[in-house]
Amino acid sequence: HLAIPYHKIKDDLLTAQQAHEIMHHKTGVVIPVYFPKGIDRAQGETLLRDTTAQYCTQVHNPANICLSVDGAIHGEEEVTKLAQEFGVSTCIRPTNRGKFSGAQQGVTHLLNNPDLAFIALVDQDGDHFANELLNFIRTALHINLDRTLILGNRISRHRPMGFARGDLEELADRVLLDALTYHAAQTDHPLRLEYANTLDEFPDFHSGYKVFSRASAQDIFLSEPELATCSETCYYRHACEAVMIVKCLTQQGYLGVVNRRTFNEQPITTFGLYNRQQLIADKIIWPCKHLKIPAHFVKQWLDNHIPRLLLGTLVPEGKKELAGIRKIVMEAFDTENEEGLTPLFV
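Since we're looking at a predicted model, the values are computed, not measured. (Residues numbered from 1 in each chain as written. Predicted model: local features only at pLDDT ≥ 70, side-chain atom pairs only at ≥ 80, totals over all residues. Heavy atoms only, no water.)

Draft legend 1. Looking closely at the packing of helix H1 (residues 16-26) against helix H5 (residues 133-143). Contact geometry of H1 with H5 gives a least axis separation of 9 Å together with a crossing angle of 105 degrees. When the interaxial angle is binned, H1 and H5 end up roughly perpendicular. Two secondary-structure elements touch here, H1 through Ala 16, Ala 19, His 20, Ile 22 and Met 23 and H5 through Leu 133, Leu 134, Ile 137, Arg 138 and Leu 141. By residue class, the composition of the contact of H1 with H5 is eight nonpolar, one polar and one charged. (Axes fitted to C-alpha atoms, helices over the stretch in contact; angles between N-to-C directions. Helix = DSSP H or I, 4+ residues; strand = E, 2+ residues; numbered from the N terminus. Parallel < 35°, antiparallel > 145°, perpendicular 65-115°, else oblique. Contact = heavy atoms within 4.5 Å. Nonpolar A, V, L, I, M, F, W, Y, C, P; charged D, E, K, R; others polar.)

Draft legend 2. Representation of the packing of aromatic side chains within the structure. Tallied over the full model, the rule gives 12 aromatic pairs. Ring geometry for Tyr 235 and Tyr 236: centres 4.9 Å apart, planes at 80 degrees, overall edge-to-face. In this structure Tyr 235 comes out as buried when scored by relative accessible area, which is 0%. An angle of 65 degrees between the planes, with centres 5.8 Å apart, marks the rings of Tyr 235 and Trp 286 as edge-to-face. Here Tyr 235, found in helix H9 (residues 232-238), pairs with Trp 286, found in helix H11 (residues 276-290); they are 51 residues apart in sequence, far enough to count as distant. We note that Tyr 235, like Trp 286, is buried. Above the plane of the ring of Tyr 236 lies Arg 97, whose end atom (NZ or CZ) is 4.0 Å from the centre. The ring of Phe 333 has Lys 289 sitting right over it, with the charged end atom 4.7 Å from the ring centre. (Phe/Tyr/Trp six-rings, centres within 6.5 Å; stacked < 30°, edge-to-face > 60°. Buried < 20%, exposed > 50% of the residue type's maximum accessible area, 1.4 Å probe, protein only. Lys NZ or Arg CZ within 6 Å of the ring centre and 35° of its normal.)

Draft legend 3. Representation of unusual backbone geometry within the structure. Going from Val 315 to Pro 316, the amide bond is cis rather than trans, its omega being 0 degrees. Along the chain, Pro 316 falls in the loop between helix H12 (295-305) and helix H13 (317-332). The backbone phi angle of Ala 228 is positive, close to 55 degrees, even though this residue is not glycine. For Ala 228, the position within the fold is in the loop between helix H8 (214-221) and H9. Even without being glycine, Lys 292 reaches a positive phi, approximately 60 degrees.

Spelled out as structure tokens, the structure:
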């Protein structure tokens, strides 16, 4: 159990006030910062300032909030000003590597504080609301185990991210659940999802709003990188959310899910700056390679899930995009890209 001073009431439900004290005094927050070329930098700075200000209302010591810049030219100036204004801490990586790298240096910095029992990871774009952090902490305390990851489940993927991205993340989430289930069976360690699938078929694995217990943060961010024959871009940038999930659950961690709000449309995003097919393919390739999934299983999972996506009804763009992702994944596993037939009737 976590070595923190809290007490449960008789019906085993932690009160909001008790959880608030733990959030306020024993929770750190990492905000990875990255302003690439091609986005409205002034708007990005406004959103980052708003995000920082909101989390300062939830965490007693602003030094327990770390703005972690992934590449000095991509945000050092902005976070320096915010540190002076709010008293938050900063980490500056000289060169850009990817979100996992930014998260890693920020979490590593906060783990130097032995008083922190939980560390939250939130995006800079204002879409991870600070007032909902309390629900994450209450859920973690309810599970009450050393190795816990609390995932912020978006009630809708499509409304904040758009039709295409919502469907593409669903594909990556479904395959990741398949891969984790296969690995659990192979290793004789059942997948612990009793706190994760109350309403939905599969967790929102690629949500960026996460809270880690201290032990899980150490498992994930202090371990050596495991590229699994993939590129650094795949590991640190494209598959970063999957890396966190896999490293936690393969260490017998518990996954909890809390529904969270989002904006109806993301105010700013870097999604359109990437090769979208490679991005989604990498979200599938890394966990399947790391977990040693046979190629014919990966192929079948893609064939199981692609037909159910509404994106495939967008002809020819949607079908072409899904076929492109499938092709990249199959090539990564040195397997012929023989597409199966889609169902004849619905």
